[in-house]
Amino acid sequence: MPGSESTTGGVFLVSVVGQIEKAHFPNYDNMYCKYTFVYGPDWEIVTGIEEGISQIAQKSQDERQQVVWNFPLDVSFKSTNPHGWPQLIISVYGLDTFGNDVVRGYGVCHLPVVNGQSSEEMIMFVPESSSTLQKLTSWLTGKRPEYVDARLLARGDGREVTRVRSQGCVCIKFNVVFKDFHQYGFENDNNS
């Protein structure tokens, strides 16, 4: 019967459990993050959710000045093709001095391609205004440059004209398990 493919018939599974642990943005406090998974047309989420939003967290008062979320990630994908491997996009937000909710950083990474535990330190960046007048106008109005759809970050086209600067980092832990990956001739360090 078409469309009633079993989880072992013609597909492999990638299961990811982890957490968006913490962030380091030295000049900012009271931040939260949004995440979304972006993946190719041959991929489908079997369990878990595609996007989420964390709680607001304050910067620690010690010398590390970290914002700790420990926000859980739990998702499983199925696919017949590694093309379009899932990517995780994180957007971090906080309040500016006028109380406006503004983006503090964007980041993107592919999910790990090996079994087991791994960590990612995602370097974050923010879009910048292209002129001094636009910078002044955005500061006065509280409307900072930001992406309408953060999924743009997972694509290569159109990003080359965006002016950005690095700002902060986010630490993520992943625990990845593959099922039936090797049956399709795919190899990784710890095949299952």
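Residues numbered from 1 in each chain as written. Predicted model: local features only at pLDDT ≥ 70, side-chain atom pairs only at ≥ 80, totals over all residues. Heavy atoms only, no water.

> Help me understand the packing of aromatic side chains in this model?
In this description, an aromatic ring pair is defined by two values, namely the gap between the centres and the angle between the planes. Taken as a whole, this structure holds 13 aromatic pairs when the rule is applied. Consider the rings of Y35 and F37, whose centres lie 5.6 Å apart with planes at 75°: the pair is edge-to-face. By the burial criterion, Y35 is buried, and F37 matches it. Grouped by ring-pair contacts, the aromatic residues F12, Y35, F37, Y39, W43, F71, F77, W85, F178 and F181 constitute a single cluster. Its guanidinium or amino end placed over the ring of Y93, K34 lies 4.9 Å from that ring's centre, counting from NZ or CZ. (Phe/Tyr/Trp six-rings, centres within 6.5 Å; stacked < 30°, edge-to-face > 60°. Buried < 20%, exposed > 50% of the residue type's maximum accessible area, 1.4 Å probe, protein only. Lys NZ or Arg CZ within 6 Å of the ring centre and 35° of its normal.)

> Which parts of the structure should I look at to understand the environment of W69?
The residue W69 is located in strand β5 (residues 67-79) in this model. Put simply, W69 and K22 are 47 residues apart on the chain and 5.6 Å apart in space, counted from C-alpha to C-alpha. If we ignore the near neighbours within four places in the chain, the residues touching W69 are I20, E21, K22, A23, M31, Y32, C33, S54, Q55, A57, V92 and V170. Of the polar contacts made by the side chain of W69, one reaches the backbone oxygen of M31; its length is 3.1 Å. (Helix = DSSP H or I, 4+ residues; strand = E, 2+ residues; numbered from the N terminus. Contact = heavy atoms within 4.5 Å. Polar contact = N/O pair within 3.5 Å; in protein donor to acceptor, adjacent residues only side chain to side chain.)

> Hey, could you run me through the environment of S54 in this one?
Along the polypeptide, S54 turns up in the loop between β4 (51-53) and β5. Sequence separation of S54 and Y32 is 22 residues, and the distance between their C-alpha atoms is 5.7 Å. Residues contacting S54, with those up to four places away along its chain left out, are Y32, C33, W69 and F71.

> Teacher, can you tell me more about unusual backbone geometry here?
Peptide bonds are trans in most cases, and residues, glycine excluded, mostly fall at negative phi. The residue Q65 is not glycine, and still its phi comes out positive at about 50°. For Q65, the position within the fold is in the loop between β4 and β5. Non-glycine residue D180 carries a positive phi angle of around 65°. Relative to the helices and strands, D180 is located in the segment after β9 (164-179). Relative accessible area serves as the criterion here: at 10%, D180 is assigned to the buried category.

> In this structure, what is going on with the layout of surface pockets? I would like to understand it.
To find the voids left in a structure, one rolls a probe of water-molecule size over its atoms. In this structure, the second largest pocket encloses a volume near 220 Å³. If you trace the second largest pocket, you find 16 residues lining it, with K34, T36, E51, S91 and A150 closest to the centre. Elements represented by at least two residues in the lining of the second largest pocket include exactly β2 (31-38), β4 and β6 (87-95). A class-by-class count of the residues in the lining of the second largest pocket yields eight nonpolar, three polar and five charged. (1 Å grid on protein atoms, 1.4 Å probe; cavity = no way out; pocket = protein on both sides within 12 Å on 5 of 7 lines; lining within 4 Å. Points joined across faces, edges and corners; volume = space filled by probe spheres on them. Nonpolar A, V, L, I, M, F, W, Y, C, P; charged D, E, K, R; others polar.)

Keep in mind these values describe shape, not function.
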